[in-house]
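Here's the letter readout for the chains.
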Amino acid sequence: MATDSTTWQLRCTVNGRPIEAEVEPDETLLFFLRDKLGLTGTKGSCLEGECGSCTVIVDGRALNSCLVLCPQMQGRRIETIEGLANGDKLHVLQDKFLASGAAQCGYCTPGLIMAAKALLDQNPNPTEQEFFEGMEGNICRCTGYAAICEAIRSAVQQWK
Amino acid sequence: MFLQPRQVAEALEARAKYGAEITPLGGGTDIVVVLNRQSTGPRHFLDLSRLENYAAIRRENGCYVAGGGATFAQLGRLEVKALSQAAMTVGGAAIRNAGTIAGNLGTASPAGDGCVALLAIDADIELSHATRGRRVIPIHEYFTGFRRTALVADELITAVRFPADWRTAWYKIGKRGSINISIVCCAIGMSPRGNVRIAFGCVAPTVMRARQAEAIIAKDGLADASIEAAAQSAMKEVAPIDDHRSSASYRRAMCGVLTRRLLRELRQDAPRAAGRAE
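Predicted model, so just to flag it, every value in this text is computed and none were measured.

What to know about the overall build of chain A
The secondary structure content of chain A amounts to 5 helices and 5 strands. Rg of the C-alpha trace for chain A: 16 Å, near the compact-globule value of 15 Å for 160 residues, within the 12% margin. For the C-alpha atoms alone, the extent of chain A along its principal axes is close to 50 × 30 × 30 Å. When each of the 160 residues of chain A is scored for burial, the buried share is 47%. Considering only residue pairs separated by 6 or more positions, chain A has 61% of its internal contacts joining residues 24 or more positions apart.

Topic: the nonpolar core
Val116(B), Cys186(B), Ala187(B) and Phe200(B) are the most contacted members of the largest nonpolar core, which totals 136 residues. The element contributing the most residues to this core is helix 3 (residues 109-122) of chain A, with 8 residues. Taken domain by domain, the makeup of this core includes at least three residues from each of domain 1 (8-83) and domain 2 (92-156) of chain A. The residues contacting Phe200(B), other than those within four sequence positions of it, are Val116(B), Val184(B), Cys185(B), Cys186(B), Val207(B), Met208(B), Ala210(B), Val238(B) and Cys255(B).

Concerning the sheet that holds strand 7 (residues 133-138) of chain B
All names here are of chain B. Taken in spatial order, the 5 strands make up an open sheet running 4-5-10-6-7, and their pairing is antiparallel. With partners counted over all chains shown, the strands left at the sheet margins are strand 4 (57-60) and strand 7, one partner each. Recorded for the sheet is a direction-independent mean angle of 25 degrees between the axes of neighbouring strands. Relative to strand 5 (residues 63-67), strand 4 runs antiparallel, the two sharing 4 bridges. Opposite Arg59, over in strand 5, you have Tyr64 as the bridge partner. Sheet strands touched by helix 1 (residues 8-18): strand 6 (124-129) and strand 10 (156-163). Its angle to strand 10, the strand with the most contacts, is close to 125 degrees.

Some details on helix 1 of chain B
Two residues of an α-helix separated by three or four positions point the same way, owing to the 3.6 residues in each turn. All names here are of chain B. Among the residues making up helix 1, those that are buried are Val8, Ala11, Leu12, Ala14 and Arg15. On an axial view of helix 1, the arc spanned by its buried residues comes to 160 degrees, and they lie on one face. Exposed positions of helix 1 whose direction lies more than 90 degrees from the buried face are Ala9 and Lys17. Turning to helix 1, the residues buried within the fold contact strand 1 (2-3), strand 2 (23-25), strand 3 (45-47), strand 6 and strand 10. Looking at the residues trailing helix 1, positive phi occurs at Gly19, about 55 degrees.

Observations concerning unusual backbone geometry
All names here are of chain B. Here the phi dihedral of Asn61 falls at roughly 50 degrees; this positive angle occurs in a residue that is not glycine. Within the secondary structure, Asn61 sits in the loop between strand 4 and strand 5. Taking the number of C-beta atoms within 10 Å as the measure of exposure, Asn61 has 8 and is therefore exposed. At Arg147, a position not held by glycine, the phi torsion is positive, near 55 degrees. Note that Arg147 resides in the loop between strand 8 (143-145) and strand 9 (148-149). The partly exposed category is assigned to Arg147, around which 14 C-beta atoms lie within 10 Å.

Section: the confidence of the model for chain B
Interpreting fine coordinate detail is not advised for predicted regions of low pLDDT. Here chain B averages 93 in pLDDT, while 95% of its residues score no lower than 70. Across the assembled chains, the prediction reports ipTM 0.93 with pTM 0.93.

A word on helix 3 of chain A
Here helix 3 of chain A contains 14 residues, and its C-alpha end-to-end distance of 20 Å stays within 8% of the 20 Å for a straight helix at 1.5 Å per residue. Burial analysis of helix 3 of chain A places 12 of its 14 residues in the buried class, which makes it a mostly covered element. Among the residues making up helix 3 of chain A, those that are buried are Thr109(A), Pro110(A), Gly111(A), Leu112(A), Ile113(A), Met114(A), Ala115(A), Ala116(A), Lys117(A), Ala118(A), Leu119(A) and Leu120(A). Taken together, the buried residues of helix 3 of chain A touch strand 3 (55-58), strand 4 (61-64), helix 2 (92-100), helix 4 (128-135) and helix 5 (145-156) of chain A together with helix 5 (93-98) of chain B.

Cut-off values and rules
Residues numbered from 1 in each chain as written. Chains lettered and ligands numbered in written order. Predicted model: local features only at pLDDT ≥ 70, side-chain atom pairs only at ≥ 80, totals over all residues. Helix = DSSP H or I, 4+ residues; strand = E, 2+ residues; numbered from the N terminus. Rg over C-alpha atoms; globule rule 2.2 N^0.38 Å. Buried ≥ 20, exposed ≤ 12 C-beta atoms within 10 Å, placed from the backbone. Contact = placed C-beta atoms within 7 Å. Core = buried A, V, L, I, M, F, W, Y, C linked by C-beta atoms within 7 Å. Domains from an automatic or database assignment. Pairing = 2+ DSSP bridges. Axes fitted to C-alpha atoms, helices over the stretch in contact; angles between N-to-C directions. Arc of directions from axis to C-beta. pLDDT = per-residue confidence, 0-100. Expected span 1.5 Å × (residues − 1).

Quick look at the structure:
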């Protein structure tokens, strides 16, 4: 149990890299990733869990990083969009989003890809209903969902 | 201050010591929204997410006992239709992975979907204190006013108990399929003995039951005429307001529609013994 001091010594991993940092108790994971770690792929938009653009994966589960306080991440394994590509080789989801034209302004894309990855990591062959249950927390305001669904479905076929 | 105890006993001690100065934190899906919006939100947190056995759901004597830390993702897998459907519509996957039943009860929003479902199945809420021990409150006595509850500031919600064998029905009217706050939601539960509970969200300062409508069904059963009378009664019993999500008159009308629809749904899959006026 922590002491009464105001700051918190956070230890966690981000994309496999061990992180140690002093954080404020009311600092959200979203702004920690963006402002302290410079991982600006994770986007903030509504800041109330409605849009999904800040979705990251924590210990295998999708979470809205805008609604997570940093100390809650103690000892957790965090994956962000920056951790997906292997050098110049894109992750299959990134590849399929490109191929299907599933990004327009692109703001929602990192969140969509992380939500899709969490879904497929847990369930590599989702039914239609499971597919929508996994993805319904993410909103796109410009592309339309047909291309996004097509991208994720084509990634399913190559999921390992 | 941010406390992250491992044992329920430690958490209860901290809560007894700091009371209202420390805010219990489940998944953060309500509290962090407030923090993101205003600088005057809570500053000190009691993180309940690491407590041992706090998120478990177990079966016990025909009931489920869910620890306060059970998430909507977990509740969404239970075979209590109204509760699992409420859990699955409370938000997207990321919200369901974080939000907890104690959080839903602690926030006590009149739009709390989980609260409405639990109200329709006579759930019991277990409130615990470091030295006074546990007390169990029937859910219909738990909500005392707009975002006010029977929970005292030095207690924690430790568990929720609800029957596993009630037949239930659920419907939520909102602007999208998911991740939306209800305009009206309704849960109806029927015990194996045929007792009916009709619960609503978003139509009063707290989630509420339409008791007169329930009394009509208790007296006259599930014939078309009594379902219609119950629907008419429900519309009179609720006290909705106009706001940016909907109008009072629409909400009131929908309470009638949902009462009718869900009672018919329950009648349809009722075993012959229940619903005596078929």
